[in-house]
Amino acid sequence: MPRCTGPRYPSGVPRGQQLCYSDAYARSTEARVLAVEVEPAPAVLLDATVFYPGGGGQPADTGTITRSGDGATWRVRSARKAEGEILHDLEPGDVEGHSPPAVGAIVTAEIDWPRRHLLMRTHTALHTLCGVVWRDYGAQVTGGNMEPGAGRMDFEFERMSGELVGEIEASVNRELAAEREVRVGVLPRDDAFAIPDLIRTKINLLPPGITEVRTVEIVGLDLQADGGTHVANTSEVGRIHVTGYESKGRINKRIRIELVDPVV
Ligand SMILES: [Zn+2]
């Protein structure tokens, strides 16, 4: 079983294979049901999954679980991390008709791919924004959030102004068009702490027991400790608009973006 990472930082070795961290393009997998929760809401644990459980500003996946024997299908309305495992929350209405799949059942777990792919493009766009703002203005990111096709990032960016918006938008679009490769890696904790670029993204918040750090690198632009799913190349994002910026105080500024073409 491969070592896996948590939604934001690694959290030991879970029981199930969590494929989203090693292959963001995996849309479905066959799996065996390891555990079923009925109360307070129906949820299942699988021995392998492609679902992303949410974290680092990226929402959890939605999708379906289909039983191999008879094709019975349950909608997965969300997924979440619980003690290192990924639980799939089933649509309660689907469970009323037929009970959840039993422990030991063989199923196919499949994510809503158009939604996830849009989230991957959005997440990579936000890291590109982050990389540009750091490289050109030396401003650190303090947080972020996204929905499919749009997102925001907060920066310690005293000099941010309305006039800079156009400049930032043009620079981000130039970097996206530069077809930069996006690489996922895992670093031992000490190596991660030796990289100045990682320290700027608040890696110092990493809990002490964690020995490895998952990284996402936009080659030549940005390197961050990150647990999210990303596209493999910036060209897959397309172009972005900066849709607004807000002052959250003298220093803290929020920049909002959206993808120009949500459907590709
Ligand atoms: Zn991220």
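As the structure is a computational prediction, the values presented were derived from the model and not from experiment. (Residues numbered from 1 in each chain as written. Predicted model: local features only at pLDDT ≥ 70, side-chain atom pairs only at ≥ 80, totals over all residues. Heavy atoms only, no water.)

Under the criterion given, the structure shown has 4 aromatic pairs. Both rings, one in Tyr-21 and one in Tyr-52, keep their centres 6.2 Å apart while their planes meet at 70 degrees; by these two values the pair is edge-to-face. Within this pair, whereas Tyr-21 is found in the loop between β1 (17–18) and β2 (28–37), its partner Tyr-52 is found in the loop between β4 (48–49) and β5 (63–67), the two being separated by 31 residues in sequence. Residue Tyr-21 shares its accessibility class with Tyr-52, and that shared class is buried. (Phe/Tyr/Trp six-rings, centres within 6.5 Å; stacked < 30°, edge-to-face > 60°. Helix = DSSP H or I, 4+ residues; strand = E, 2+ residues; numbered from the N terminus. Buried < 20%, exposed > 50% of the residue type's maximum accessible area, 1.4 Å probe, protein only.)

Quick look at a nonpolar patch on the surface now. Nonpolar side chains collect at one region of the surface, where Val-36, Val-38 and Val-103 lie side by side and expose about 230 Å² of accessible area between them. Within the secondary structure, Val-103 sits in the loop between α1 (92–97) and β8 (106–111). For Val-103, a relative accessible area of 56% corresponds to the exposed category. (Patch = residues over 30% accessible without salt bridge, like charges linked within 9 Å, V, L, I, M, F, W, Y side chains within 5 Å. Areas by Shrake-Rupley, 256 points an atom, 1.4 Å probe, with all protein chains shown as cover. Salt bridge = Lys/Arg side-chain N within 4 Å of Asp/Glu carboxyl O.)

Looking now at the coordination of the zinc ion. Tetrahedral metal sites with four donors have an ideal angle of 109.5 degrees; octahedral sites with six donors have ideal angles of 90 or 180 degrees. Around the zinc ion, the protein contributes the donor atoms His-123 (NE2), His-127 (NE2) and Asp-226 (OD), at 2.0 to 2.1 Å from the metal centre. Each donor residue of the zinc ion belongs to the same chain, with the gaps between them written as H-x3-H-x98-D. Within this pair, His-123 and its partner His-127 are both found in helix α2 (residues 113–137), separated by 4 residues, close to a single helical turn. For the pair His-123 and His-127, one class covers both residues: buried. (Donors = N, O, S within 2.8 Å, 3.2 Å for Na, K, Ca; no water.)

Taken as a whole and judged by the stated rule, the model has 14 salt bridges. One salt bridge in this structure joins Lys-248 and Glu-246, with 3.5 Å as the shortest N-O distance. Overall, Lys-248 belongs to the partly exposed group, its relative accessible area being 44%. The exposure class of Glu-246 is partly exposed, given its relative accessible area of 25%. Each of Arg-135, Asp-136, Glu-175 and Arg-180 takes part in one network of salt bridges that share partners.

We now examine the nonpolar core. Core analysis: the largest hydrophobic core is formed by 56 residues, its most contacted members being Leu-129, Phe-155, Phe-157, Ile-168, Ile-240 and Ile-255. For this core, the element with the highest residue contribution is α2, accounting for 11 residues. Once residues lying within four places of it in the same chain are set aside, the contact partners of Phe-155 are Leu-129, Cys-130, Val-133, Ala-139, Gln-140, Val-141, Thr-142, Ile-251, Asn-252, Lys-253 and Ile-255. The next biggest cluster of nonpolar side chains, apart from the first, holds 5 residues, and it includes Leu-198, Val-213, Leu-223 and Ala-225. (Core = buried A, V, L, I, M, F, W, Y, C linked by side-chain atoms within 4.5 Å. Contact = heavy atoms within 4.5 Å.)

As a further point, take the sheet that holds strand β3 (residues 43–46). Strands sit in the order β2-β3-β7-β6-β5-β8 around a closed barrel of 6 strands; the barrel is antiparallel. The average undirected angle you get between the axes of adjacent strands in this sheet is 45 degrees. Where β3 and strand β7 (residues 85–90) come together, 3 bridges link them in antiparallel fashion. Bridging across to β7, Ala-43 finds its partner in Asp-89. (Pairing = 2+ DSSP bridges. Axes fitted to C-alpha atoms, helices over the stretch in contact; angles between N-to-C directions.)

The next point concerns the confidence of the model for the chain. Residues with a pLDDT of 70 or more make up 91% of the chain, whose mean pLDDT is 89. Confidence, expressed as mean pLDDT per element, reaches its minimum in the chain at helix α5 (residues 196–200) with 67 and its maximum at β8 with 98. Per-residue pLDDT stays below 50 along residues 1–13; that stretch engages in 46 contacts with residues further than four places along the chain or on separate chains. (pLDDT = per-residue confidence, 0-100.)

A separate point is the environment of His-98. Looking at the secondary structure, you find His-98 in the loop between α1 and β8. Residue class for His-98 comes out partly exposed when judged on its relative accessible area of 33%. Taking C-alpha positions, His-98 is 40 Å from Glu-236, a pair spaced 138 residues apart along the chain. Residues contacting His-98, with those up to four places away along its chain left out, are Ala-72, Thr-73 and Trp-74.

With antiparallel pairing, 3 strands are arranged side by side in an open sheet as β11-β12-β13. Where the open sheet ends on each side, the last strands, each with one partner, are β11 (182–188) and β13 (222–225). Strand-to-strand twist in this sheet, taken as the mean axis angle between neighbours without regard to direction, amounts to 25 degrees. Two strands pair when backbone bridges link them, and strand β12 (residues 212–218) and β13 are joined in this way by 4 bridges, in the antiparallel orientation. Counterpart to Thr-215 in the pairing with β13 is Ala-225. Strand contacts of α2: β11, β12 and β13, with the helix running at about 115 degrees to β13, the strand carrying the most contacts.

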